[in-house]
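Tertiary structure, described
Listed below, chain by chain, are the residues.
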Amino acid sequence: MKRLFLTFSALCLPLSVVAQEPELGDPAEKPLTVLEILAGLSAEKMPRKPEPWVSPKGPMVLHGDLFGDGRHLAVEGSGLAVGDKKGWKVLSEWKDVFPAWVPEGKTPEEAGYQHIYPPSVPFVLKDVTGDKVPEILISFENDGWSLGYHILKKKGEGAELLEMRSERGEPRLEAGLMVVCTSDWGRKCWGSVDTFYRWTKGVPVELGSFGEYCADPDHPTLFVMRRLPDGSEQALGIESEGDKLVVKTGKFKAWEIEDAKDFATVRDAADKEGPGLYKATALLFERVTGIPGELCFEASREGGAPEADLRKRHREAKAAMKLEIEGSPEAKALLGEKKPESAKPQGKKKR
C-alpha cells in the first residue's frame, strides 16, 4: 500500500488518497518469490528470441537473451534471474513494480482496467540510454488514468531499477538523449513534461525539460526548465498574450510556476500576428537548453504527423522567426539568439 497524489477531475486539484496495489494470491500469504514464479520454466532451454511465458502462479515472465550477451535471462515484476543447467539463479530484485497487462482473451475492463489499454505483454526491450544494450521497460497502471513504464538497466551481471520512470508512454532515445515523461496530468487537466537526459559514465545527467499544461484549450501554458550548475532548476512559464509571449520565471511545482516573476516578453518581427506559442517556445527551449527544439514534439502530437514532417516544419518555422526579446540583460542573454563561436585562429604548420 502506498500514498498517491491524484487529480480531482473537475477542479484539477491534487487529492491525496491511499491506493491498494494488487497482490498475488491470498493477501494473508507471503508474496511469491522469483524462483517460485519461475518454477516450471526450463532454465536451460533458451528460445531463439525473447518470448513471454505465463507462470502457473499467475505472473507473466519474459525470458531469453534479454541483454544480447548470450545468457538465458528471465524477468518478471519483482526480479531478474539467469538460467543454466543448474537451474535458475536470482540476480536482482526490487519492489513496488506491478506490471500492467491484459491476458489473452480478456478485455481491459475484464482485467480490471477502466481508462487505459495495457498491452498483452508488459515488457519491452528497447535501448533508451544509447549504450547499444536494450533496457527492459515494464508497463504499469499510473493512478488508473495513464500507462507508464519502469526502466530496468543492465548493471554488472544483473539489472537496476532506475529512480526515474515514465509517467505516460515508453521513454525514447532522441539524438542520443533519453527522453522520459516525468509528469503527466491527464483527465480534464491534460498535459505532461518530458525531461531530457544524457548518460555520462553510466550516470544520467538532466539537461532540461519541456512541458505543457492545459485546463482551458484556449489558454495553455508551456514550460521550459534547465538544470543550473548548483543543481537547482530554473523554470520558465510561457503563455500567449495578444501579439506576444509572456515569460515568467520561478520554481516549477505541479503544473504552475511557484512565486512567478515577470522575466521577458517575446515578439516575432517576422509575424505581426505574434509568435506561434508552440513553435516559438520550441526555439526558446533550444536556446535555453542547447537541445534541438524539434525534439519537443513527437509523432503522437499534432494529429500524429510523421516524425519527418514535424522535423521539417520545425526547421522551416525556426528559419522564418525573428524573435525579439524584451527584459533584463539575463533574460536577453538566455532567450536571445546565440552567436556562433568564432573559429579559433590556426597557427602555421611546422615543416
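Residues numbered from 1 in each chain as written. Predicted model: local features only at pLDDT ≥ 70, side-chain atom pairs only at ≥ 80, totals over all residues. Heavy atoms only, no water.

Comments concerning the overall build of the protein chain
A count of helices and strands for the protein chain gives four helices and 20 strands. Relative to its full complement of 351 residues, the protein chain shows a buried share of 44%. For the protein chain, contacts bridging at least 24 residues in sequence account for 40% of all contacts bridging at least 6. By element, 51% of the accessible surface of the protein chain is carried by carbon and sulfur atoms, the whole surface being about 19900 Å². (Helix = DSSP H or I, 4+ residues; strand = E, 2+ residues; numbered from the N terminus. Buried < 20%, exposed > 50% of the residue type's maximum accessible area, 1.4 Å probe, protein only. Contact = heavy atoms within 4.5 Å. Areas by Shrake-Rupley, 256 points an atom, 1.4 Å probe, with all protein chains shown as cover.)

Some remarks on the side chain of His150
Tracing the backbone shows His150 in strand β10 (residues 146–155). In this view, His150 contacts Asp96, Val97, Ile136, Leu137, Ile138, Phe140, Leu161 and Arg165; residues no more than four positions away in its chain are not counted.

Let's talk about the sheet that holds strand β5 (residues 72–76)
The sheet built from five strands is open, its strands ordered β3-β4-β5-β6-β7 with antiparallel pairing. Strand pairing shows two members of the sheet lacking a second neighbour, β3 (51–54) and β7 (87–93), which therefore form its edges. Across this sheet, the average inter-strand angle for adjacent strands is 30 degrees, counted without regard to direction. (Pairing = 2+ DSSP bridges. Axes fitted to C-alpha atoms, helices over the stretch in contact; angles between N-to-C directions.)

Notes on the confidence of the model for the protein chain
Looking at the protein chain, the pLDDT average stands at 86 and 84% of residues meet or exceed 70. Per-residue pLDDT stays below 50 along residues 1–28; that stretch engages in 41 contacts with residues further than four places along the chain or on separate chains. Counting contacts from residues 342–351, a segment whose pLDDT is below 50, to residues more than four positions away or on other chains yields zero contacts. (pLDDT = per-residue confidence, 0-100.)

As for the environment of Trp88
Considering the arrangement of structural elements, one finds Trp88 in strand β7. Distance in space between the C-alpha atoms of Trp88 and Leu73 is 8.9 Å, their sequence separation being 15 residues. With sequence-adjacent residues up to four places away left out, Trp88 is seen in contact with Leu35, Leu38, Leu41, Ser42, Ala43, His72, Leu73, Ala74, Ala81, Val82 and Gly83. Among the polar contacts made by the side chain of Trp88, one reaches the main-chain carbonyl oxygen of Leu41 at a distance of 2.9 Å. (Polar contact = N/O pair within 3.5 Å; in protein donor to acceptor, adjacent residues only side chain to side chain.)

Regarding helix α2 (residues 277–289)
With 13 residues, α2 extends 18 Å between its outermost C-alpha atoms, agreeing within 8% with the 18 Å of an ideal straight helix rising 1.5 Å per residue. By the criterion of burial, α2 is predominantly enclosed, with ten of the 13 residues buried. (Expected span 1.5 Å × (residues − 1).)

Points about the nonpolar core
Side chains of a nonpolar character, in soluble globular proteins, are inclined to be buried together. Counting 31 residues, the largest nonpolar core has Leu236, Val247, Phe263 and Leu335 as its most contacted members. Elements supplying a minimum of two residues to this core: β13 (177–184), β16 (221–227), β17 (233–241), β18 (244–253), β19 (256–268), α2, β20 (323–327) and α4 (329–335). Ignoring anything within four residues of it in the chain, the contact list for Leu236 reads Leu222, Phe223, Val224, Val247, Lys248, Thr249, Ile257, Phe263, Val288, Leu334 and Leu335. (Core = buried A, V, L, I, M, F, W, Y, C linked by side-chain atoms within 4.5 Å.)

Considerations on the packing of aromatic side chains
Evaluation of the coordinates by the stated rule reveals four aromatic pairs. For the pair Phe210 and Phe285, a centre-to-centre distance of 5.9 Å together with 75 degrees between the ring planes defines the contact as edge-to-face. One end of the pair, Phe210, is in strand β15 (residues 203–214); the other, Phe285, is in helix α2, and 75 residues separate them in sequence. In this structure, Phe210 and Phe285 share a single accessibility class: buried. Feature note: the residues Phe196, Phe210 and Phe285 constitute an aromatic cluster, connected by ring pairs. (Phe/Tyr/Trp six-rings, centres within 6.5 Å; stacked < 30°, edge-to-face > 60°.)

Re the pairing of β10
Counting buried residues along β10, eight of its ten residues qualify, which places the element largely inside the surrounding structure. Alignment of strand β9 (residues 135–142) against β10, held across seven bridges, turns out to be antiparallel. Following the sheet pairing, Asn142 is matched in β10 by Ser146. Between β9 and β10, which pair antiparallel and follow one another directly, the connecting turn spans three residues, one of which, Asp143, has a positive phi of 60 degrees. In this sheet, strand β11 (residues 158–161) lies alongside β10 in antiparallel orientation, the contact comprising four bridges. When the bridges of β11 are listed, Leu152 appears paired with Leu161. Taken together, β10 and the strand that follows it, β11, pair antiparallel across an intervening segment of two residues, in which Gly156 is found at a positive phi of about 60 degrees.

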